[in-house]
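So you can see what is in the structure, the chains are spelled out below.
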Amino acid sequence: MDADTLPLFDLDLATVSEVEREGCREFFAGKANKTPERYMTIRNYMVEAWHAVQPLYLTKIKARAGLRNCGDVNAIGRIHTFLEHAHIINVGAQRTRRSQPNGTRRRRPATGDSDDEEPDEWRSVPSGSAASLAGRRRRVRDDEGNWVYQDEYYGGRVIAHDVVERRADDADYSYSDGSDEEHEGAPAHKRRRRALNGARYQVQSEFRLVPCRAFGEGLLPFRVEVSAAALALMDLHAHLMDTEVIGLLGGTYDAGEGVVRVEVAFPCNSTSTTTECEMDPASEVDARRVFSLQDRHVVGWFHSHPTFDAMPSVRDIHNQHAYQALCRRAADSVEPFVGFIVSPPGAAGGAYGVSDISVFYVVADGSPEGVPYQLPYVVTSRDAVSTEAVDEMALLVERHAAMEHRVDLARRFRRSEAMTLLEKLVISMRSHWDDEARQHWDDLVSRRLRPLLLEHYCRSGSGSGGSHSELANAAPPTAQESPSSSEASE
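In this text, all values refer to a predicted model and were calculated from it rather than measured experimentally.

Conventions used here
- Chains are numbered independently. Their residues run from 1 in the order of the written sequence.
- Local features in a predicted model are, by the rule used here, given only for residues with pLDDT of at least 70; side-chain atom pairs are given and counted only at 80 or more, and totals for whole chains, interfaces and linings are based on all residues.
- Derived side-chain values reflect all non-hydrogen atoms in the structure, with water molecules and hydrogen atoms excluded from consideration.
- For the purposes of this entry, the term helix denotes a DSSP run of H or I that reaches at least four residues, the term strand denotes a run of E that reaches at least two, and both are numbered from the N terminus.
- Note on exposure labels: buried denotes an accessible area under 20% of the residue type's maximum, exposed denotes more than 50%, and partly exposed covers the range between, all computed with a 1.4 Å probe on protein chains only.
- Contacts between residues were defined by any pair of non-hydrogen atoms, one from each residue, lying within 4.5 Å.
- Here the open area of atoms and residues is found with the Shrake-Rupley method and a 1.4 Å probe, where only the protein chains shown may cover a residue.
- Each salt bridge in this description consists of a side-chain nitrogen of Lys or Arg and a carboxyl oxygen of Asp or Glu lying within 4 Å of one another.
- Here a pair means two rings of Phe, Tyr or Trp (six-membered ring of Trp) with centres within 6.5 Å. Their orientation is stacked below 30 degrees between planes, edge-to-face above 60, and tilted elsewhere.
- Charges are assigned to positions over rings by a cutoff of 6 Å between ring centre and Lys NZ or Arg CZ, combined with an angular limit of 35 degrees from the ring normal.
- When DSSP finds at least two bridges between two strands, those strands are taken to pair.
- To obtain each axis, a line is fitted to C-alpha atoms, and for helices this fit is confined to the stretch in contact; angles are then taken between N-to-C directions over 0 to 180 degrees.
- How sure the predictor is of each residue is captured by pLDDT, a score from 0 to 100.
- Contacts described as polar in this section are N or O atom pairs within 3.5 Å, which, within protein, must combine one atom able to donate a hydrogen with one able to accept it, while residues neighboring in sequence count only if both atoms come from side chains.

1. Some remarks on the overall build of the protein
- Looking only at helices and strands, one finds 15 helices and 15 strands in the protein.
- Taking all 490 residues of the protein together, the buried fraction comes to 46%.
- Here the analysis covers contacts within the protein between residues at least 6 apart in sequence; of these, 69% occur between residues at least 24 apart.
- Per element, the accessible surface of the protein, about 24600 Å² overall, is 49% carbon and sulfur.

Below is the structure:
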């Protein structure tokens, strides 16, 4: 077996490797219908089916035939794709194709192609050759409905570690690797098709998630501290809307200590959907005015990802890079500006019910758009809850109460479980405080926040449940599970 066909991980039918957890995250995100056990059932069946038919190719249709009541056929297909790319199944397999009468593959009618044009993928190729086995480069839809190349797609996610560099390389947003000069002689209908595909690719690439890299030891541009009140307000804002929310962060930068201190959050108005969000310019002006009166500066921004991971998209990276440039200090070229992303669904393997909150920063690294790096953060002022902070949260709840896309907090967090989104919100916000402050927090929530949330955000009626005290007394995550604790050290 040559190096190109070595498995990406050591397969053990009784366990799941870290590579599998990363490549098939949807089965390890706490979903009731996509569990680790179901993943192992599907994976083990496919491995056994492949051994039974090799050296022939195990197709997705054959693999699904023996997987009754194992859920979404698309999810099963994604596992098949992952195992194939990981060189666990179909290694060196022989694909079978319908034979053609003349022993060659089908070709499209001639369209006046010249030698100066791109080669046609469907020109006649002798059957049985390496080229005939390779086939066309296939595109499939990812979890968000975007078209992506199958060989770049694992487990429902686009492998996007180098998406910024690829986007910079494809500056004309064309699927073709050729230059404009190479296609000047192409027929008009082909040029129009390339332009249309390019526009679609530009839109799709803007929302592609990019995993953050980690800073090496001693390479952090600065340390980040954030108050528990600011975190709780961001968390609350993200839970109130089905669409993305956005806001600015106020605080200070201490050049001597090299610390960005996020002290307050200012939720802004926006025009948003589930995948994008634009800040209202008037809200930004208001936020800067308020920060100025408090002797604070804009030190960052936050936004939510209502249905997907707390990783920046290509557009988020562009926005962050632009903000950093505006905040660059002339004295030392430091850019004290950070980006927070709040994902209410939470992280795979994280504390149950607790939002996933990440901080990112963009470094040029030779790329025009920059590359995102994750910043660790320390939570401060966790031992005291101020009445003013809760009053500000109550104003936020009231301000969003009449909005069209507000969340119905009476819905269940997950279909097969009893916990409502309201209970999940209480648990997540509670996790930002120390144990000694939580009793005071529960009292303030019971008096100020919960009545407003029940009145304006529990529309289906199933969330009130008759026992309101259970919401305030919902068991918080342990200190080991709390995101604030896990990220408190660098």
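2. Focus: the pattern of salt bridges
- Under the definition given, this model contains 19 salt bridges.
- Note that E257 and R261 form a salt bridge whose closest N and O atoms lie 2.9 Å from each other.
- Judged by its relative accessible area of 46%, E257 falls in the partly exposed class.
- With a closest N to O distance of 2.9 Å, R438 and D435 form a salt bridge. Here D435 and R438 lie together in helix α13 (residues 435-457), a separation of three residues that amounts to about one turn.
- The class of R438 is buried, set by a relative accessible area of 7%.
- Of the residues examined, D435 reaches a relative accessible area of 59% and is grouped as exposed.

3. Focus: the packing of aromatic side chains
- Counted under the stated rule, the structure contains 11 aromatic pairs.
- Each residue in the set F27, F28 and Y39 is aromatic and connected to the rest through ring pairs, giving one cluster.
- Over the ring of F413 we find K424; its NZ or CZ atom is 5.5 Å from the centre of that ring.

4. Notes on the sheet that holds strand β12 (residues 338-343)
- The strand order across the open sheet built from nine strands is β5-β14-β13-β12-β11-β7-β8-β6-β15, with neighbouring strands paired in mixed fashion. With one partner strand each, in any of the chains shown, β5 (213-214) and β15 (378-380) form the two edges of the open sheet.
- Across four bridges, strand β6 (residues 223-227) lies against strand β8 (residues 259-268) in parallel orientation. Across the sheet, the residue bridging to V224 is V260, located in β8.
- Sheet strands in contact with helix α9 (residues 281-293) are β7 (246-254), β8 and β11 (297-304), and its direction is about 135° off that of β8.

5. A closer look at the pairing of β8
- Across the 10 residues of β8, eight count as buried, placing the element largely inside the fold.
- In this structure, β7 lies alongside β8, joined through nine bridges in antiparallel fashion. Looking at β8, one finds that D254 is bridged to V259.
- Once β7 ends, the chain turns through four residues before running back antiparallel as β8, passing G258 with a positive phi of about 65°.

6. Digging into the environment of Y352
- Looking at where Y352 falls in the secondary structure, it is placed in the loop between β12 and β13 (356-363).
- Given the relative accessible area of 37%, Y352 is considered partly exposed.
- It is 8.7 Å that separates the C-alpha atoms of Y352 and S428, two residues lying 76 residues apart in sequence.
- With sequence-adjacent residues up to four places away left out, Y352 is seen in contact with F413, R414, E417, M419 and I427.

7. Digging into unusual backbone geometry
- Omega for the bond connecting Q54 with P55 falls within 30 degrees of zero, at 15°, which places this linkage in the cis form.
- Looking at the element boundaries, P55 is found in the loop between α2 (36-53) and α3 (60-65).
- Phi angles above zero are rare outside glycine, and D295 is one such case at about 60°.
- Tracing the sequence through the fold places D295 in the loop between α9 and β11.
- With phi around 55°, S381 is a residue other than glycine that occupies positive phi space.
- Structurally, S381 can be placed in the loop between β15 and α11 (387-399).

8. Some points on the environment of A347
- Positionally, A347 belongs in the loop between β12 and β13.
- Distance in space between the C-alpha atoms of A347 and I357 is 8.7 Å, their sequence separation being 10 residues.

9. Some details on the confidence of the model for the protein
- On average, residues of the protein score 76 in pLDDT, and 68% of them reach the 70 mark or higher.
- Note that residues 150-183 has pLDDT below 50 and, in this model, 85 contacts with residues that lie over four places away or in other chains.

10. Focus on the side chain of E225
- Summarising the element assignment, E225 is placed in strand β6.
- Among the polar contacts made by the side chain of E225, one reaches the side chain of R261 at a distance of 3.2 Å.
- The contacts of E225, once residues within four sequence positions are left out, are V259, V260, R261, V262, V378 and T380.

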